[in-house]
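# Residue-level structure breakdown
Okay, here's what each chain looks like letter by letter:
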Amino acid sequence: MSLPYGKKLLELFKHPHNVGKIKNPDAKATEGSPACGDMVTLYLKVDDKTHKIEDIKFESYGCASNIATASVITDIVKGKTIDEAKKVTWKKAADELGGLPPVKVHCSVLAVDTLRSAIRNYEESHGLIKNKVPTTRNDIIERLKHVMNPMKGLDIVKTGLLFDVIFEDGKVTVILELEESNQFASNLSNEIIEQLQTIWDVKSVEVKFNL
Ligand code: FES
C-alpha cells in the first residue's frame with residue numbers, strides 16, 4: 001500500500017532545497033530518530049551582529065517526509081533571526097507540505113529537532129545562553145541521548161553503550177562499553193565531544209572505552 005503523500009511533498013523529496021554541507025559552519029547538529037534510526041545533519045551560517053541565518057544546509061538519511069520537511073524548514077528560516085527560527089514547528093512544516101500521514105510525523109519532528117539543536121549549539125558556542133543554570137550529570141546524560149549508536153540505530157544511552165559519566169569541575173569523562181579498536185569508536189568519540197563541548201560550563205570532554 002502506498003503512503004498518501006501530497007504533490008508538494010513528493011516534489012520536494014525529488015528536488016529538495018538547501019541540500020549539502022557548509023564549510024566552517026557557525027553551528028551544526030546531527031539528530032537521529034529513535035523511531036526509525038534515520039539521521040539528519042544541519043549546518044548554519046549566522047550573522048554575528050544581527051543573528052540572522054545567512055545560510056543553512058542539510059544532509060538527510062531519512063525518508064521522503066523527512067527530506068521534504070527539512071527542505072521546507074530550511075527555506076522558511078533562511079534570512080530569519082535565530083529567535084524567529086526557533087518558533088518554527090513541525091506542524092507548520094507539515095501544513096506547508098499539505099499534511100503528513102500520522103506514521104510519518106516523527107520524520108518531520110526529527111527535522112525540526114535538528115534545527116533546534118543547531119540553534120542551541122550556536123547559542124552555546126557564542127555565549128548567548130540567557131539562563132545559565134549549572135549543568136548536572138543528568139543534563140549530560142540527556143544530551144548524550146542525541147548521540148546515535150550506529151550499530152543499533154538508537155541512542156547510546158538506550159542501547160547501553162554508555163557505561164558511565166563523570167562530571168567534576170567542568171571536566172566530563174564519558175565511558176563507553178566498547179573496544180577502542182571498534183570501527184565506530186573514533187566517530188562516536190567525535191560526536192560525543194561535539195555534543196558536549198559547547199555547554200557553557202563544560203571545560204573539557206574526554207571519551208574512554210572500557211573493553
Ligand atoms: Fe525515518 Fe522517516 S522513516 S525519517
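Please refer to the structure higher up on the page.
Each chain carries its own residue numbering, running from 1 in the direction its sequence is written. With the structure being a predicted model, the display of local features is reserved for residues of pLDDT at least 70 and the display and counting of side-chain atom pairs for 80 or more, all residues being used for whole-chain, interface and lining totals. Excluding hydrogens and water, the side-chain figures rest on all heavy atoms present in the structure.

## Here's the deal with the packing of helix α2 (residues 64–77) against helix α5 (residues 105–125)
Heads up, the rule is: Only the stretch in contact is used when a helix axis is fitted, and all axes are lines through C-alpha atoms; the angle between N-to-C directions ranges over 0 to 180 degrees. Here a helix means four or more residues in a row that DSSP labels H or I, a strand means two or more in a row labelled E, and each is numbered from the N terminus. Oblique is the label for any angle not under 35 degrees, not over 145, and not in the 65 to 115 range, which are roughly parallel, roughly antiparallel and roughly perpendicular in turn. Here a crossing is called left-handed whenever its near helix is offset anticlockwise from the far helix by less than a right angle, and right-handed whenever the offset is clockwise. Contacts were defined at the residue level, with two residues in contact if any of their heavy atoms lie within 4.5 Å. Nonpolar residues are Ala, Val, Leu, Ile, Met, Phe, Trp, Tyr, Cys and Pro. Charged residues are Asp, Glu, Lys and Arg, and all others, Gly as well, are polar.
Where α2 meets α5, the axes come as close as 8 Å, and the angle between the chain directions of the two elements is 40°. Accordingly, the angle class assigned to the pair α2 and α5 is oblique. Like other packed secondary-structure pairs, α2 and α5 cross with a definite hand, here right-handed. Facing α2, whose interface residues are Ser 65, Asn 66, Thr 69, Ala 70, Ile 73 and Val 77, α5 presents Cys 107, Ser 108, Leu 110, Ala 111, Val 112 and Leu 115. For the contact of α2 with α5, the per-class residue count stands at 8 nonpolar, 4 polar and no charged.

## Remarks on α5
Every α-helix carries 3.6 residues per turn, so stepping three or four residues along brings you back to the same face. This is how the line gets drawn: A helix is expected to span 1.5 Å multiplied by its residue count minus one.
Over its 21 residues, α5 runs 30 Å from end to end, which matches the ideal 30 Å to within 8%, given 1.5 Å per residue. Phi for Gly 127, located one or two positions after α5, is positive at around 60°.

## Comments concerning the sheet that holds strand β2 (residues 39–46)
Using the following cut-off: Paired strands, in this sense, are two strands between which DSSP finds at least two bridges.
Strand order in the open sheet made by the 3 strands is β1-β2-β3, with antiparallel pairing throughout. At either end of the open sheet lies a strand with only one pairing partner, and these are β1 (27–32) and β3 (53–60). Across the sheet, the axes of successive neighbouring strands diverge by a mean angle of 15°, strand direction being ignored. Taken together, the 7 bridges between β2 and β3 define a ladder with antiparallel strand orientation. Its bridge partner being in β3, Val 46 is matched across the sheet by Ile 53. The strands that α2 touches are β2 and β3; relative to β3, the one it contacts most, it runs at about 175°. The sheet contacts of α5 involve β1, β2 and β3, and relative to β1 the element is tilted by about 145°.

## Quick notes on unusual backbone geometry
Cut-off, in case you're wondering: Buried residues are those whose accessible area, probed at 1.4 Å on protein chains only, stays under 20% of the maximum for their type, while exposed residues exceed 50% and partly exposed ones sit between those limits.
In this structure, Asn 18 takes a positive phi of about 60° despite not being glycine. Examined against the element boundaries, Asn 18 turns out to sit in the loop between α1 (7–14) and β1. Non-glycine residue His 51 carries a positive phi angle of around 60°. Within the secondary structure, His 51 sits in the loop between β2 and β3. Judged by relative accessible area, which is 23%, His 51 ranks as partly exposed.

All quantities given are derived from atomic positions and should not be read as evidence of function.
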